Amino acid sequence: MRISVVVPAYNQGRYLAACLDSLWFQDHPDLEIIVVEDGSTDDTPQVLADYHRALEQDAASYASRYTTETDTLERAHHPRYPAAGRSLRVIEHGGNRGLAAALNTGMAAATGQAVSYVPADDWCMPSMFAELARALETTPADFAYADMLIVDDAFRVTRRFDLPDYSFQRSFADWYLCGNCKLYRRELHERFGFYDEALLAHDHDLFQRFALGGATFVHVPKALMAVRDHAARQVDIHAPSNWSRLIGESKRLVLEAREHMAGAK
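The text that follows walks through the structure, step by step, so that each part is easy to find. (Residues numbered from 1 in each chain as written. Predicted model: local features only at pLDDT ≥ 70, side-chain atom pairs only at ≥ 80, totals over all residues. Heavy atoms only, no water.)

## Quick look at the overall build of the chain
Reasoning step 1: Along its length, the chain carries eight helices and 11 strands.
Reasoning step 2: For the chain, the C-alpha radius of gyration of 20 Å lies close to 18 Å, the compact-globule estimate for 265 residues.
Reasoning step 3: If you line up the chain on its principal axes, its C-alpha atoms span 80 × 40 × 35 Å.
Reasoning step 4: Of all 265 residues assigned to the chain, the portion counted as buried reaches 52%.
Reasoning step 5: Residue pairs at least 24 apart in sequence account for 76% of intrachain contacts in the chain once pairs closer than 6 positions are excluded.
Reasoning step 6: Positive and negative charge centroids in the chain, built from 27 and 37 side chains respectively, lie 4 Å apart. (Helix = DSSP H or I, 4+ residues; strand = E, 2+ residues; numbered from the N terminus. Rg over C-alpha atoms; globule rule 2.2 N^0.38 Å. Buried < 20%, exposed > 50% of the residue type's maximum accessible area, 1.4 Å probe, protein only. Contact = heavy atoms within 4.5 Å. Lys, Arg positive; Asp, Glu negative; His and termini not counted. Charge placed at Lys NZ, Arg CZ, Asp CG, Glu CD.)

What follows is the structure, given as structure tokens:
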């Protein structure tokens, strides 16, 4: 299963390279990484240029053999970034169009059978996509999600966020509890469309549309992603000026989920 991961990048240059490293060194053997550079005004473009150079040029080595005759310790040399099963594509918006637009640009370019997106300041555990892909391959599910560690700017763990096993009640009607660490079949976009660019709660809206349309979900009870909670994240949908609107949209979606459950009885 080829996996496409969209990384929307807007003014998170400080964290972007680490995020990309966490994707490049995934256990899963076939990963397409699509960075959508959404008009950043920080050093994000330079970070991406430096990363491309490193992919092509950087080398690493390790002590591999001690030779007694010459009393030497030989080193084995290899590229820092293995190329097999990996690709990196950068799409530039040229100006800031917002998170939902960046996601739609990336998803429209994706070629994998399964897709996800990872914010540029988050970090994926090496087994994240292998575990989520296994859940899609061994169950009838269309959408797999897992638990998270919440970390601060120094990467200290502030809490573990364990999500409930899937039910429409717990994952959508109580509150939105399924969408951060995720992998889903790309065909869901063909069936239900893309992220609504008029909304801040666009992932909540889209994944609830998936569920209402009959998509099946499965929970992987492992912490597979580190989500940063830090001041520099307060841009776009997380900006303090947008908080009331974001929560208001999610409240409306929760009420719609409850109305759906009431009508189904």
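## Some points on the nonpolar core
Reasoning step 1: Counting 79 residues, the largest nonpolar core has Tyr184 and Phe210 as its most contacted members.
Reasoning step 2: Residues contacting Phe210, with those up to four places away along its chain left out, are Phe143, Tyr184, Leu188, His189, Phe192, Ala215 and Phe217.
Reasoning step 3: If you look at the next biggest cluster of nonpolar residues, it comprises five residues, including Leu149, Val151, Ala223 and Ala226. (Core = buried A, V, L, I, M, F, W, Y, C linked by side-chain atoms within 4.5 Å.)

## Side note on the environment of Pro119
Reasoning step 1: In this structure, Pro119 sits in the loop between strand E6 (114–117) and strand E7 (123–124).
Reasoning step 2: A relative accessible area of 18% means that Pro119 is categorised as buried.
Reasoning step 3: Taking the C-alpha atoms as reference, Pro119 lies 8.8 Å from Leu16; in sequence the two are 103 residues apart.

## Describing the packing of aromatic side chains
Reasoning step 1: All told, the structure shown has 19 aromatic pairs when counted by the stated rule.
Reasoning step 2: With a centroid separation of 6.2 Å and 70 degrees between ring planes, the pair formed by Tyr195 and Phe207 is classed as edge-to-face. With Tyr195 in the loop between helix H6 (187–192) and helix H7 (202–212) and Phe207 in helix H7, the pair connects residues that are 12 residues apart, well separated along the chain.
Reasoning step 3: Residue Tyr195 is classed as buried on the basis of its relative accessible area, which comes to 3%.
Reasoning step 4: Relative to Phe210, the ring of Phe207 lies with its centre 5.7 Å away and its plane at 35 degrees, an arrangement referred to as tilted. Note that Phe207 and Phe210 are positioned in helix H7 at a spacing of three residues, about one turn of the helix. Accessibility classification places Phe207 together with Phe210 in one group, the buried group.
Reasoning step 5: One Lys or Arg, Arg159, reaches over the ring of Phe161 and ends 5.1 Å from the middle of that ring.
Reasoning step 6: Lys182 extends its terminal NZ or CZ atom over the ring of Tyr117, reaching a point 3.3 Å from the ring centre. (Phe/Tyr/Trp six-rings, centres within 6.5 Å; stacked < 30°, edge-to-face > 60°. Lys NZ or Arg CZ within 6 Å of the ring centre and 35° of its normal.)

The values are spatial; any link to function lies outside them.
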